[in-house]
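Remarks on the overall topology
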Amino acid sequence: MTSSLTRSLTGLAVGAAILLPMAAAAEGEVNIYSYRQPELIKPLIDAFTEQTGIKTSVLFASKGLGERIRAEGENSPADILLTVDIGRLDAAKSLGITQPVESDVIAENVPAQYRDPEGHWFGVTTRARIVYASKDRVAQDAITYEELADPKWNGKVCTRSGQHAYSIGLFASKLAHDGAQKTEEWLTGLKNNLARKPTGNDRAQVKAIYAGECDLALGNTYYMGKMQTNEKDPEQKEWAASVKLLFPNADGRGTHVNLSGMVMTKHAPNAQNAKKLMEFLSSDTAQQVYGATNFEYPVKPGVEADDRTKSWGTLKPDTISLADIAKNRKEASKLVDKVGFEDGPDS
Ligand SMILES: [Fe+2]
């Protein structure tokens, strides 16, 4: 069983996929398909194996895992899918590749706003979509998302594509709070304040602040850590040093957060072990390690983020449920098109 499964997993490890088999005592196994980089999850699953004796295999790929699980159907070796963004978690449920998981442990560790009401997906960590602001050119230390549409910031704001999942999550949260009309007005104002057409990833926006092209940019929190600690490309440390983080709506509804998360596959061959791993990932130790490894925030109340992440400011997360945000994603995408967001300012 084990060797045929290993062979079948190895057979899948082609192209962009990398397989990391991990040996351990024979207490059964659990197979993980992961969009998260192997180095982000290895310390955790090693600890899980040490604690339980359950052996793990990880198949990593940057795309296509949901479709792959669906295509593999009942023969899929996958027990768990690890991914990021409510868009992908919700898509896994819609694809029909998940099964509901009932666990008192997870229910206690993961607040209701960070899990599917029907148990098909669970958050493991959160990341906040904050405003990177130029230390030199922005005096204020607080901001709201709404203020990004204020004409006083005309030509000063940078962002990645409005159709990227990170943007859609934020816009969908605005829709869930304020409805279509206000969101459309806000998106139009935001578009008019852009310094340039939406382009590049989150780090590219911080680089643009460093280069003086804009003063404010939308981005996820963990990129600050990735830039501050970047030994491969040390110039990114300078980009990071040129900005401070403003946590929008800290005095109001709170800052928009999105998830990294997990699902159990519909045909999980090792469902019991998969449930144990999911419970482990919601535990104090795992929450701390997983959060610190990628500069994210643990979902479990009472578990603190690492010191570097805390040094950027205090996160007061928006309490709206990610399931409600998921429901508004399609409409958010339509609004991005409707206001011509991707065409940039003066369009
Ligand atoms: Fe990211």
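Report on the accompanying structure. Because the structure is predicted, anything quoted here is derived from the model rather than measured.

It is at 11 Å that the axes of helix H2 (residues 38-52) and helix H10 (residues 271-281) come closest, and there the two elements cross at 120°. Looking at the two axes, H2 sits oblique to H10. Crossing geometry of H2 relative to H10 is assigned as right-handed. Contact with H2, carried on its side by Leu44, Ile45, Ala47, Phe48 and Gln51, involves Asn273, Lys276, Leu277, Phe280 and Leu281 of H10 and no other residues of that element. When the residues that make up the contact of H2 with H10 are grouped by side-chain class, the tally is seven nonpolar, two polar and one charged.

What follows deals with the pattern of salt bridges. One pass over the structure, following the stated rule, counts 23 salt bridges. Across the salt bridge formed by Lys93 and Asp116, the nearest N and O atoms sit 3.1 Å from each other. Taken together, the positions of Lys93 in helix H4 (residues 86-95) and Asp116 in the loop between helix H5 (104-109) and strand S6 (122-134) put the pair 23 residues apart, joining distant regions of the chain. Overall, the relative accessible area of 23% leaves Lys93 in the partly exposed class. Residue class for Asp116 comes out buried when judged on its relative accessible area of 6%.

In this structure, Leu81, Tyr132, Phe171, Leu187, Leu190, Leu216 and Leu277 are the most contacted members of the largest nonpolar core, which totals 99 residues. If you tally residues by element for this core, the top one is helix H6 (residues 165-193), at nine residues. Apart from residues lying up to four places away in sequence, Leu277 is in contact with Val30, Ile32, Ile45, Phe48 and Ile80.

Next up on the list: the state of the cysteines. Overall, the coordinates contain one disulfide when judged by the stated rule. Between the sulfur atoms of Cys158 and its disulfide partner Cys214 the distance amounts to 2.2 Å. Looking along the S-S bond of the Cys158-Cys214 disulfide, the torsion reads about -100°, which is the left-handed sense. A residue pair is termed long-range when its members are at least 10 positions apart, and Cys158 in strand S7 (residues 157-158) and Cys214 in the loop between helix H7 (202-210) and strand S8 (216-220) qualify at 56 residues.

About the criteria used
- Residues numbered from 1 in each chain as written.
- Predicted model: local features only at pLDDT ≥ 70, side-chain atom pairs only at ≥ 80, totals over all residues.
- Heavy atoms only, no water.
- Axes fitted to C-alpha atoms, helices over the stretch in contact; angles between N-to-C directions.
- Helix = DSSP H or I, 4+ residues; strand = E, 2+ residues; numbered from the N terminus.
- Parallel < 35°, antiparallel > 145°, perpendicular 65-115°, else oblique.
- Left-handed = near helix turned anticlockwise from the far one by under 90°.
- Contact = heavy atoms within 4.5 Å.
- Nonpolar A, V, L, I, M, F, W, Y, C, P; charged D, E, K, R; others polar.
- Salt bridge = Lys/Arg side-chain N within 4 Å of Asp/Glu carboxyl O.
- Buried < 20%, exposed > 50% of the residue type's maximum accessible area, 1.4 Å probe, protein only.
- Core = buried A, V, L, I, M, F, W, Y, C linked by side-chain atoms within 4.5 Å.
- Disulfide = S-S within 2.5 Å.

Bear in mind that shape data such as this cannot, by itself, settle questions of function.
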